[in-house]
Structures are given as structure tokens and as C-alpha cells.
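Single-letter residue listing:
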Amino acid sequence: MRVALFITCLNDTLAPEAGRATVAILERLGHEVVFPQEQTCCGQMHANSGYRQEAAPLAKRFARIFDDSSFDAVVSPSASCVGMVREQYPRLIGRTVPRVYELTELLVDVLGVEDVGATFPHRVTYHPTCHGLRGLHLGDRPLRLLRNVRDLDLVELPEATTCCGFGGTFAVKNADTSAAMLSDKVRCVLDTGADVCAAGDSSCLLHIGGGLRRQRAGVRTMHLAEILASTG
Amino acid sequence: MTATKFQVLAPAELAKAQQRRNLRTATTTIRAKRAAVVAEVEDWEALREQGARIKDEALANLDVHLERLEASVTAAGGTVHWARDAAQANAIVARLTREAGSDEVIKVKSMATDEIGLNEALAAQGITAHETDLAELIVQLAGDRPSHILVPAIHRNRVEIRDLFREKLGEPDLSSEPAELTAAARRHLRRRFLSVGVGVSGANFACADTGTVAVVESEGNGRMCTTLPHTLITVMGIEKVLPRFADLGAMLRLLPRSSTGERMNPYTSLWTGVTPGDGPQAFHLILLDNGRTATLADPVGRDALRCIRCSACLNVCPVYERAGGHAYTSTYPGPIGAILAPQLAELEDHTSLPWASSLCGACYEVCPVKIDIPTILVHLRGRVVDETGDAPRVERLAMRAAAAVFASRRRYEAAQAARRLTRLAPLRPWTRFRELPDPPRQTFREWWADR
């Protein structure tokens, strides 16, 4: 399969390891990954902040770059940005872009793979992000992939379905409320005794990880893709 | 009147430890109850669809259904009044109360009368309104404001209530046992039920074809208020009309399960006009617009009018659970309040509410009439930016600048080089609570180019 990587501006700039891991997983499974260099941002930050006029050209730009029949699929290590393309584009620019998948959708639904051949000898808890859980309805796809990772000790996160409090500009516009949500999420993560907290959105991980580091909690955050790419 | 912004009020609310604990306990309990009784219904999703369809049908031809309702109520011996806004509705209630020869009313818990500030308006006319719902009574005695649609005193605990009742109800020996507290309220309320001649209620539903009005409640005070007084005045938002009596079937299955987490609520009162010799002998239905017609004009925002005031969205909202209802400065708090208040009132007055959400989507998932609250929140954010001067100038400039950067690969890559400047940038709202990430040595695209 020829898969185009939609990296997202946030991963590209601040969490490139999630992109490198996505490439590693797909290449290990025998697929060709291409990276359209013109890509920048899908427009989610503008759209969710009320700047529709600024978001629409970015959405059209995205569609020009990724609606390309030479790609069998477009993959992104971000549920939230895939949700933007799938849910918000129709209202914003009157169309969506076909064959855009979040990483675990591509692996489980399109490629039919649940064991990606990874090894990761750590105690891990998984936070299902809101856009993955309630936006894309990823269900247990991420957990099925994690359960097939060798030597991984998966511990259930209490109150897993509750939002971590990131919410894009919410994290700064309503910083106090966001922090109150974060403190509960951090408490739940610490209660698991995990040394790694994984999720499928680097934005939420930036927030959760920022909270864990502020407390010097000694728990790492990792994108799900990094764990699936790991070979021990 | 411009309300204080959510983000200004929230920090003080977040610091109220007792309130945080009460909210957490109450919402956690009610979430679990709701989840259990919803899981019992095999066709819950189909039922939600049906609920949404019924409300959409009513809203699509609201004028027709309301005129049918007026005709049905009139034929059954009731009188229908139309009120464009809060002032008109309040004036009608005051006039009808005086015409009934009373200077007191007993009230069923009602969001519509909270919305129009009826109690205060009646007080200004020398008429005393007695709340008879236990939690509304607590709020009224304390001179407080409700903080939840269904559980208005959710922010209070029973020791606080004991102290309040000791002082205000003249019961100095009261303990904080719930049974004792409710018994004290019951003794107090019973006197009102038996002596006041005018009842005021809201309406959960009103059926256009029969003129039947429905009130759903738990305590029986509503039944008292709608049957004992000689005059009954119902204030109803115009969006509460249902096309048919038969539609009540679906609605009465959806509402209690979503609201209190019960299969069925203890009291459902239905009345149709006036029955000679039985119950109130004068019935007045006030149809309240108060911003609803304007809301209907917004093709995205209008779905908010499907709301049946169950409060399921409050109980699952992580923002509401922590900040509490008073941070919203609106009669309707929580996610539904964040989309209703800016539409029913002036958008300019509630510009912060559409941002009082992390867009986590938990509200949409539980809404019994499938209101896509996150989509409406995003839509209203757009309207605030486009139609009001509320967005800070610096934010507008930053958003425009960011859009220009994202519009070009060259500018975007140049901007990426500045990622290490995050150390210097004014990121205080972020860094007050969280560390910043270490900027990576290479961006993804730099790595891709190098490999």
C-alpha cells in the first residue's frame, strides 16, 4: 500500500517522534510511506477557536494536497486532526477528504493488523483521547494493538473516558479549569503505577506530560505509535 | 447585561473544596444511575432518534403547533397568553394573581420562571412567590442562586441545610438527617399548599392536539401546586410543544432515565384545561418566546431548542463538575447553558460561554434528543468572533498571522525554526500549571529530508 503521512503541524514541530514511529510501523509492515512536503496545518485550531474565515483556506489547501488518487490511504497519528477533516470539513468547505485514517483505524480496519510485531517491556496505561473515543469511535482498537505488544504490562486507567482538560485553546483560555481537570487525570495516571502514559494525540500528551513533569512524577508520556514501533 | 466571563468566575468556584466534593459525589452517583437504566433499554439509540425527530417536527412548524395548542387549551376551558419576553410574561403572571385575589403564589420547580426572574418581578409587585421544590426552597431561603437544572442546591451539603432550616424555618432542634430535614420542609410547605390560592408551574411538555400539559417531578409538590389552588398559571417556553399526545410516550421514557437515572419519575401530572368541580377552576397558559424565535433562525444553533432540561449533559461534563453552575452566570448552566444562554439572551452578553468547554463530546453522547452540543459550541465561537467585538485584538492578529504562516510551506518551515523560542514566548497561562516540552532537535520534516 502507498500511504501518505499527514503528520499534523503539532507533531511535525513539537512531537516528531510520533511521526517517525508511524513511518517505522508502516514500513515494517511492508508499506510505502510518502510525505507530501507542502502540508502544514489542517485548520483545526482556527476552526475550533471561531476563526472560520482563516480555517477554510487551510482546509481547502489540505484537500488539494491529500485528495490524491495516487495515495491508497492517508494516515495521521492524531485522532483530533482526523476528526477535523472528517467531521468539520463538510460544514466548513462543503466536502471531506476521502481515505483519511487515524493510525489505529488504518492498522486494524484497513490493514487488518492487530499485532504489529512490537516489544515494549514497560508498565503502560492508555488514555483514550476524547476525539478518538467520542469523535472517531476508535473503541478498543488501540487496546487491541497494545495487548499484542510483547512484554508490555497494560494497566487500566481509572476514569479513562474523562477528558484530560487540554481542549486546544481551552487549555489557555480557561487555564484554571483545564488545570483542575488535569490534576484529576494525573492522579488517575499515578494510581495505576504505570511508568508510561500513552495516548493517540500528542496535544493531550503535551498537556498530561506537562502536568506530570511539573510534579516531577517520574512518569513518561509516549504517543501510542512510539510503543507500537518499539522493538524492545 | 453583560455577564462576567466564565474564566473570571471559575477560579474562585474551583477553590471551593466543599462544593467540589459535593459536585463530584453527586455527578458521579447520578452518572452511574443513568448509565445503568439507559443500558436496560434495548432500543435506546432508536429512542433518542425518535426524541430528536419529535422535537424537530415541532420546531419545524412551531407556529402551527402553537396555534393548535392554543385552540385545544381554549376548547378545554383554559386561557392562553402570548409573551414576547420576560417582562411581558412576568406582568401577565402578576396581573392574573391579583385578579385571582391573591398576593401569594406557590410554585412548582420551573426553569422558565427562573429564566424570566419571576420571583423577583412578583416581589416588586408585592406578591410573594413560595418555592415548593425542596432544593428550590433551600436556594430561596438562603437567598442563593440555583447551580444545577435538576438539583439546584447541589452545591450545598446537609449540614449547611440544617443550619439554614434551623434559622429560617424556626426549627432549632433539627439534625442533619435527610429524613428530618425533609420532614421540616414538609411541615413548612404543607401550610402553603393548603392556604395559597394561586399555583405557578412550568411545563415539561404540552400536546398541541389535546391541549394537555405535563409536569414531571419527584417530590409530589408539583402535584399539590397543580391541583390544590383555584387558579393555575403555567409559564411555558414555546419550544416545549409536542405535536401529539402520543409523543409523550417516547419523551416520558427518555426524560427520567436521562435526568434522575430512574426508569420512571415518581409524579407525572397531566392536565387538560379545566375540569368543573375538580382541581383549579381557572387555568392560564403563558407561551413564552424570550429569544426562542431568534434562536430558531440560526440553522445550526436551533437544535438547542430540542432540549428537554434533563441535565444529563451537566452530570457528565468535566468542566461543570469542577467549576460548578455559578461560573456560568446563566439560568441554564453546563454544556446546554453554554449554547442556550448566548442564544436566548444577547450573544454579546455571554461571549465566554461557548469557550467554557474542552469540546470533549461527553454531553452529546448522553443527550436524549441528540443535540450536537460540541458542534453548536464551535458554531457559536464563530459567531462571537464574526459578530461581536469580543475576541481580543491580539488574538485576532495572532490567528491571522498563524493562518498566513500555515498558508505557505516556506513560511511554515521558517516559523518552525522558532520553536526554541517557546522558552521566551508569553506562555504563562500554559506554564502556570504545566511544563513546556523540550523543543526537539529536528522537526519531523527535517528528519524526513535527512533520512
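Residues numbered from 1 in each chain as written. Chains lettered and ligands numbered in written order. Predicted model: local features only at pLDDT ≥ 70, side-chain atom pairs only at ≥ 80, totals over all residues. Heavy atoms only, no water.

J.: Before we move on, can you summarise the overall build of chain B with the specific residues and values?
T.: Looking only at helices and strands, chain B has 22 helices and 10 strands in total. Against the globule reference of 22 Å for 451 residues, chain B gives a C-alpha radius of gyration of 25 Å, in line with a compact fold. Seen along its three principal axes, the alpha-carbon backbone of chain B occupies a region of about 90 × 55 × 45 Å. Of the roughly 18,500 Å² that chain B leaves accessible, carbon and sulfur atoms contribute 53%. Counting 57 positive and 54 negative side-chain charges, chain B places the centres of these two groups 7 Å from one another. (Helix = DSSP H or I, 4+ residues; strand = E, 2+ residues; numbered from the N terminus. Rg over C-alpha atoms; globule rule 2.2 N^0.38 Å. Areas by Shrake-Rupley, 256 points an atom, 1.4 Å probe, with all protein chains shown as cover. Lys, Arg positive; Asp, Glu negative; His and termini not counted. Charge placed at Lys NZ, Arg CZ, Asp CG, Glu CD.)

J.: Outline the interface of chain B and chain A, supporting the account with residue identities and numerical values.
T.: In many analyses, interface size is given as the accessible surface area lost on bringing the parts together. With 60 residues of chain B in contact, the opposing surface of chain A contributes 64 residues. Carbon and sulfur atoms make up 57% of the area that chain B and chain A hide from each other, which totals about 5,700 Å². Here chain B and chain A share 12 salt bridges between them. Residue A:Arg52 pairs with B:Asp386 through a salt bridge whose shortest N-O separation is 3.1 Å. Seen at the junction of chain B and chain A, the total is 33 residue pairs in polar contact (both at pLDDT 80 or more). Top contributing element to the side of chain B that touches chain A by residue count: helix 18 (residues 373-387) of chain B, with 8 residues. Here the side of chain B that touches chain A is composed, by residue class, of 29 nonpolar, 12 polar and 19 charged. (Contact = heavy atoms within 4.5 Å. Buried area = accessible area lost by both parts, 1.4 Å probe. Salt bridge = Lys/Arg side-chain N within 4 Å of Asp/Glu carboxyl O. Polar contact = N/O pair within 3.5 Å; in protein donor to acceptor, adjacent residues only side chain to side chain. Nonpolar A, V, L, I, M, F, W, Y, C, P; charged D, E, K, R; others polar.)

J.: Outline the sheet that holds strand 4 (residues 100-102) of chain A, listing residues and values.
T.: All names here are of chain A. Judged by pairing direction, the sheet is parallel, and its 4 strands sit side by side in the order 2-1-3-4 without closing on themselves. On the outer flanks of this sheet lie strand 2 (32-34) and strand 4, each paired with one strand and no other. Pairs of neighbouring strands in the sheet enclose a mean axial angle of 35°, with direction left out of account. Note that strand 1 (residues 2-5) and strand 3 (residues 73-76) share 3 bridges and pair parallel. What sits directly across from Val-3, in strand 3, is Ala-73. (Pairing = 2+ DSSP bridges. Axes fitted to C-alpha atoms, helices over the stretch in contact; angles between N-to-C directions.)

J.: Outline the nonpolar core, supporting the account with residue identities and numerical values.
T.: Buried together is how nonpolar side chains tend to be arranged in soluble globular proteins. Residues and elements named next belong to chain B. If you look at the biggest cluster of nonpolar residues, it comprises 63 residues, and the most contacted ones within it are Phe-6, Phe-205, Tyr-328, Ile-336, Ile-339 and Ile-371. A total of 6 residues in this core trace back to one element, the largest contributor, which is helix 16 (residues 334-344). If sequence neighbours within four positions are ignored, Ile-336 has contacts with Ile-149, Ala-304, Cys-307, Cys-313, Leu-314, Ile-371 and Ile-373. One finds Leu-59, Leu-69, Cys-225 and Phe-283 within the second-largest nonpolar core, a separate group that totals 43 residues. (Core = buried A, V, L, I, M, F, W, Y, C linked by side-chain atoms within 4.5 Å. Buried < 20%, exposed > 50% of the residue type's maximum accessible area, 1.4 Å probe, protein only.)

J.: Account for the domain arrangement of chain B, with residues named and values stated.
T.: Residue and element names in this part refer to chain B. Domain boundaries assigned for chain B yield domain 1 (41-290), domain 2 (299-385) and domain 3 (393-450). One C-alpha centre belongs to domain 1, the other to domain 2; they are set 22 Å apart. The partner domain 2 presents 28 residues to the 29 residues of domain 1 that form the contact. Between domain 1 and domain 2 lies a buried interface of about 2,500 Å² when both sides are counted; carbon and sulfur atoms form 55% of it. For the pair domain 1 and domain 2, the interface holds 3 salt bridges. At the surface where domain 1 touches domain 2, the tally comes to 11 residue pairs in polar contact (both at pLDDT 80 or more). Counting residues per element, the ones that place at least two in the side of domain 1 that touches domain 2 are helix 3 (44-60), helix 6 (111-115) and helix 12 (248-259). In terms of residues, the side of domain 1 that touches domain 2 owes the most to one element, helix 3, which gives 7 residues. (Domains from an automatic or database assignment.)

J.: If you had to explain the pattern of salt bridges to someone new, which residues and values would you point to?
T.: Counted by the stated rule, this structure contains 48 salt bridges over all chains. With its nearest N and O atoms 2.9 Å apart, the salt bridge here joins B:Arg309 to B:Glu239. Of this pair, B:Arg309 sits in the loop between helix 13 (292-296) and helix 14 (312-316) while B:Glu239 sits in the loop between strand 7 (231-237) and strand 8 (241-242); the two residues are 70 residues apart in sequence, bridging distant segments of the chain. Residue classification places B:Arg309 among the buried positions, given a relative accessible area of 10%. Linked through salt bridges whose partners overlap, the residues forming this network are A:Asp12, A:Glu38, A:Arg61, B:Arg409, B:Glu413 and B:Arg445.

J.: A description of the packing of helix 2 (residues 16-28) of chain A against helix 6 (residues 103-110) of chain A should follow, citing residues and the corresponding values.
T.: Residue and element names in this part refer to chain A. Direction vectors running N to C along helix 2 and helix 6 enclose 10°, while the axes themselves pass 11 Å from each other. It follows from the interaxial angle that helix 2 and helix 6 lie roughly parallel. Judged by the sense of rotation from one axis to the other, the crossing of helix 2 with helix 6 is left-handed. Where helix 2 approaches helix 6, its residues Thr-22, Ile-25 and Leu-26 are matched on the opposing element by Leu-103, Leu-106 and Leu-107. (Parallel < 35°, antiparallel > 145°, perpendicular 65-115°, else oblique. Left-handed = near helix turned anticlockwise from the far one by under 90°.)

J.: For the side chain of B:Ser358, give the residues involved together with the corresponding values.
T.: Tracing the backbone through its elements, the reader meets B:Ser358 in the loop between helix 16 and helix 17 (362-366). Contact partners of B:Ser358, with chain neighbours within four places excluded, come to A:Cys163, A:Gly167, A:Phe170, A:Met181 and B:Val319.

J.: I'd love a proper account of the sheet that holds strand 9 (residues 267-272) of chain B, names of residues and values included.
T.: All names here are of chain B. Strands sit in the order 8-5-6-9 across an open sheet of 4 strands; the sheet is mixed. The sheet is open, and its two borders are formed by strand 8 and strand 9, each paired with just one other strand. Judged from the 6 bridges that link them, strand 6 (residues 212-217) and strand 9 form a sheet pairing that is antiparallel. Paired with Glu-217 across the bridge in strand 9 is Tyr-267.

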